[in-house]
Amino acid sequence: MKLHRLRYSPYARKVQMLLDLARLPYELIEVPYGNREALARLTGGYIYVPVLELEDGTALTESRKICEHLLARPEAADLVPSGLEAATWAYSDFVDGPLEDALFRIASPAIREGWPTAWERALYTLIKERRYGAGCVDQWQQDVEVLYARSRELLAPTFTTLERQPFVLGDHITFADVALYGQWAMLAAADPELLARLSPLAVRHAAQVEAAAFE
Ligand SMILES: N[C@@H](CCC(=O)N[C@@H](CS)C(=O)NCC(=O)O)C(=O)O
């Protein structure tokens, strides 16, 4: 399989962590932000990430669909424990929806600064401004404390849980942790300080997920 990603994409990092935890072999393809020609040709015009290219050449898009596909494989089945399907998917949908909506704004200014060319920084700004209005990335930079407060509010029940147990749904890692890890990876890819500033519990949880995948 080939995983096409942007390093900062929380949805791509969720899929990548799922592949790692399931020990499924894959090749990582870094998509150049300003040149998505190969991706567009592969998918027939879809230029978001993640895209997972299967062994038979099929290009899967939309991270939820990709994860459903991978979780149906025996290597990943343990990540949605029997009886915890509702809790696991509901938590993952919360992470990909309301939580991402708060956290990506914290990450955006640093992500923009990280693009190597002026063209890519301008493209990133254009894409965000077309959706969120003129000057939005600069505004998020100014409002960062408010954005942290909103994120911590959303994460308060998660942090209460993670003070008592290593993973979101108990002592064992599940897909709920994988979804959350995607958000930590986004913040850390933008600037590792951003994750540490959010909470030491986020840093610890990220390390625990990585330990489960790589040790
Ligand atoms: N619902 C999609 C969202 C995909 C998405 O928004 N990807 C972003 C990165 S997080 C992207 O490719 N952005 C490219 C851009 O900003 O031009 C999924 O879950 O896969």
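Note that the coordinates shown come from a computational prediction; the quantities given were computed from them, not determined experimentally.

A. Quick look at the overall build of the protein chain. Helix and strand counts for the protein chain come out as 10 helices and 4 strands. Secondary structure of the protein chain in N-to-C order comes out as β-α-β-α-β-β-α-α-α-α-α-α-α-α. Taking 17 Å as the expected radius of gyration for a compact globule of 215 residues, we find that the protein chain reaches 17 Å, a close match to that expectation. The principal-axis extent of the C-alpha atoms belonging to the protein chain is close to 45 × 45 × 30 Å. Each of the 215 residues in the protein chain was classed as buried or not, and the buried ones make up 35%. Long-range contacts, defined here as pairs at least 24 residues apart, represent 68% of the contacts in the protein chain between residues at least 6 apart.

B. Examining the domain arrangement of the protein chain more closely. Each assigned domain of the protein chain is listed here: domain 1 (2-79) and domain 2 (85-214). Averaged C-alpha coordinates put domain 1 and domain 2 at centres separated by 19 Å. Taken together, the contact pairs 16 residues of domain 1 with 24 residues of domain 2. Among the elements of the structure, helix H1 (10-21) and helix H3 (63-71) are those that each provide at least two residues to the side of domain 1 that touches domain 2. Residue contributions to the side of domain 1 that touches domain 2 peak at 8 residues, all from H1. Across the side of domain 1 that touches domain 2, the residue classes tally to 10 nonpolar, 2 polar and 4 charged.

C. Structural detail: the site of the ligand. Around the ligand, the structure places Leu-6, Ser-9, Pro-10, Tyr-11, Tyr-48, Val-49, Pro-50, Glu-62, Ser-63, Arg-64 and Ile-127. Of all elements in the fold, only H1 and H3 reach the threshold of two or more residues within the shell around the ligand. A per-class count over the shell around the ligand returns 7 nonpolar, 2 polar and 2 charged.

D. Here's a closer look at the pairing of strand S1 (residues 2-5). The pairing of S1 with strand S2 (residues 27-30) spans 4 bridges and is classified as parallel. Within S2, the residue paired with Leu-3 across the bridge is Leu-28. Crossover S1 to S2 through H1 is right-handed.

E. Broad picture of the nonpolar core. Val-15, Leu-18, Ala-107, Trp-184, Met-186 and Leu-187 are the most contacted members of the largest nonpolar core, which totals 51 residues. Broken down by secondary-structure element, the contributors of at least two residues to this core are H1, strand S3 (51-53), H3, helix H4 (85-114), helix H8 (175-190), helix H9 (192-198) and helix H10 (200-214). Per element, the largest residue contribution to this core is 13 residues, and it comes from H8. Counting contributing residues, this core receives three or more from each of domain 1 (2-79) and domain 2 (85-214). Each residue touching Val-15, except ones within four places of it in the same chain, is listed here: Leu-3, Pro-50, Leu-52, Ser-63, Ile-66 and Cys-67.

Cut-off values and rules
Residues numbered from 1 in each chain as written. Predicted model: local features only at pLDDT ≥ 70, side-chain atom pairs only at ≥ 80, totals over all residues. Helix = DSSP H or I, 4+ residues; strand = E, 2+ residues; numbered from the N terminus. Rg over C-alpha atoms; globule rule 2.2 N^0.38 Å. Buried ≥ 20, exposed ≤ 12 C-beta atoms within 10 Å, placed from the backbone. Contact = placed C-beta atoms within 7 Å. Domains from an automatic or database assignment. Nonpolar A, V, L, I, M, F, W, Y, C, P; charged D, E, K, R; others polar. Near = placed C-beta within 6 Å. Pairing = 2+ DSSP bridges. Right-handed = clockwise from strand over helix to strand, strands pointing away. Core = buried A, V, L, I, M, F, W, Y, C linked by C-beta atoms within 7 Å.

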